[in-house]
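Fold and geometry: a report
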Amino acid sequence: MTSKKVVELFYDVVSPYSWLGFEIMCRYRNVWDVDLKLRPAFLGGIMQGAGNKPPGLVPNKFAYMVKDLHRLANYFDVPLRPPADPFEVMFQKGTLSAMRFVTAVQQMEKGGDKQVEQVSRELWRRIWSEDKDITQPESFSEAAKKAGLTDGEIEKALKLCTSQEVKEKLKLTTEDALNYGAFGFPMLICHIDGKPEMFFGSDRFELMANCIGEKWLGPKPDVSASKL
């Protein structure tokens with residue numbers, strides 16, 4: 001019996017392309033023979049560490065990105081709608097506190113990653129679908145409540161997210177991504193025959209599937225499989 005191929009997904013909820021990649025991998029985790037590892041990290045640290053420049057700071061790229069996200073949202077069936085002021089959300093407010101909260105939820109969770117998956121999704125939904133805040137503790141609480149966490153779990157996560165332990169874990173995960181060669185998110189690391197293979201962006205799934213010996217069935221594999 002062969003063991004499942006490990007696939008690490010590095011992401012930050014500030015990135016709409018990461019939301020698309022996240023949803024696809026969550027759909028495929030039980031379709032492909034893979035062990036998906038969610039790795040919440042801080043995109044700001046990646047950009048600084050890699051010396052990269054966000055596409056939103058280049059006017060022509062930003063204009064293209066807005067149109068591109070609309071097309072991709074329809075294709076991937078993700079309810080992605082840019083906020084009224086994407087620049088403020090991405091570059092002025094940022095998501096350092098939000099990613100610390102996600103990291104705290106992950107630190108608390110035992111026996112799986114369902115809570116960190118749901119909390120991440122609700123934070124993305126707040127920014128990229130509902131144009132709501134994700135910088136304040138009250139916002140984290142609302143997202144976590146929708147994700148199914150109890151009041152006690154939310155209170156514990158809010159305390160934990162300001163701890164040095166969680167700050168250090170988020171920093172180390174971000175450093176792990178940089179050590180793999182990250183320059184942006186989403187970034188997928190597929191461990192193939194003992195070697196890490198990096199795939200960047202939300203449009204490399206067909207190539208990634210080929211590399212891990214799987215088949216790309218489109219953005220909604222359950223629907224595609226039922227037609228075979």
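Residues numbered from 1 in each chain as written. Predicted model: local features only at pLDDT ≥ 70, side-chain atom pairs only at ≥ 80, totals over all residues. Heavy atoms only, no water.

Check the secondary structure of the chain and you find eleven helices and four strands. Expected size for 228 residues packed as a compact globule is a radius of gyration near 17 Å; at 17 Å, the chain falls within 12% of this value. Based on the C-alpha atoms only, the size of the chain along its principal axes is roughly 45 × 45 × 35 Å. By the burial criterion, 48% of the 228 residues in the chain qualify as buried. (Helix = DSSP H or I, 4+ residues; strand = E, 2+ residues; numbered from the N terminus. Rg over C-alpha atoms; globule rule 2.2 N^0.38 Å. Buried < 20%, exposed > 50% of the residue type's maximum accessible area, 1.4 Å probe, protein only.)

It is worth spelling out the state of the cysteines at this point. One pass over the full model with this rule turns up zero disulfides. Unpaired in this structure, Cys-211 has its nearest cysteine sulfur neighbour in Cys-190, at a distance of 7.6 Å. (Disulfide = S-S within 2.5 Å.)

Right, let's get into a nonpolar patch on the surface. Nonpolar side chains collect at one region of the surface, where Leu-57, Phe-87 and Phe-91 lie side by side and expose about 230 Å² of accessible area between them. Checked against the element boundaries, Leu-57 lands in the loop between helix 2 (43-50) and helix 3 (59-76). (Patch = residues over 30% accessible without salt bridge, like charges linked within 9 Å, V, L, I, M, F, W, Y side chains within 5 Å. Areas by Shrake-Rupley, 256 points an atom, 1.4 Å probe, with all protein chains shown as cover. Salt bridge = Lys/Arg side-chain N within 4 Å of Asp/Glu carboxyl O.)

Once that is clear, we can look at the sheet that holds strand 2 (residues 34-40). Reading across from one edge, 2-1-3-4 is the order of the four strands in this open sheet, with mixed pairing throughout. Two strands in the sheet have a free side with no partner beyond their single neighbour: strand 2 and strand 4 (195-200). Taken pair by pair, the neighbouring strands of this sheet meet at an average axis angle of 20°, ignoring direction. Pairing of strand 1 (residues 5-11) with strand 3 (residues 187-192), which is carried by four bridges, proceeds in the antiparallel orientation. Each bridged residue has a counterpart across the sheet, and for Phe-10 the counterpart in strand 3 is Met-187. With respect to the sheet, helix 5 (residues 96-108) is in contact with strand 1 and strand 2, its orientation differing from that of strand 2 by roughly 135°. (Pairing = 2+ DSSP bridges. Axes fitted to C-alpha atoms, helices over the stretch in contact; angles between N-to-C directions. Contact = heavy atoms within 4.5 Å.)

Before going further, it helps to spend a moment on the nonpolar core. By size, the foremost hydrophobic cluster in this structure holds 71 residues, and its most contacted members are Tyr-11, Met-25, Trp-32 and Val-119. In terms of residues, this core owes the most to one element, helix 1 (residues 16-28), which gives eight residues. Setting aside chain neighbours within four positions, we find Trp-32 in contact with Met-25, Phe-205, Met-208, Ala-209, Ile-212, Glu-214, Lys-215 and Trp-216. (Core = buried A, V, L, I, M, F, W, Y, C linked by side-chain atoms within 4.5 Å.)

Within the element layout of this structure, Val-78 appears in the loop between helix 3 and helix 4 (86-93). We classify Val-78 as buried; its relative accessible area is 5%. When the C-alpha positions of Val-78 and Glu-23 are compared, they lie 7.8 Å apart, and in sequence the two are 55 residues distant. With near-sequence residues (within four places) excluded, Val-78 lies in contact with Trp-19, Leu-20, Glu-23, Arg-27 and Ala-73.

Attention shifts here to the pattern of salt bridges. Tallied over the full model, the rule gives 17 salt bridges. Asp-77 serves as the salt-bridge partner of Lys-220, at 3.8 Å between the closest nitrogen and oxygen. Of this pair, Lys-220 sits in the loop between helix 10 (205-211) and helix 11 (221-227) while Asp-77 sits in the loop between helix 3 and helix 4; the two residues are 143 residues apart in sequence, bridging distant segments of the chain. Lys-220 gets classed as partly exposed once you look at its relative accessible area, which sits at 36%. Asp-77 gets classed as partly exposed once you look at its relative accessible area, which sits at 45%. The closest approach of N and O atoms between Arg-126 and Glu-142, which form a salt bridge, is 2.8 Å. Here Glu-142 lies in helix 7 (residues 137-146) and Arg-126 lies in helix 6 (residues 114-128), a separation of 16 residues in the sequence. Owing to a relative accessible area of 44%, Glu-142 belongs among the partly exposed residues under this scheme. Overlapping salt bridges bring together Glu-23, Arg-29, Asp-113, Lys-114, Glu-117 and Arg-121 as one network.

It is worth stressing that arrangement in space is one thing and function is another; only the former is reported here.
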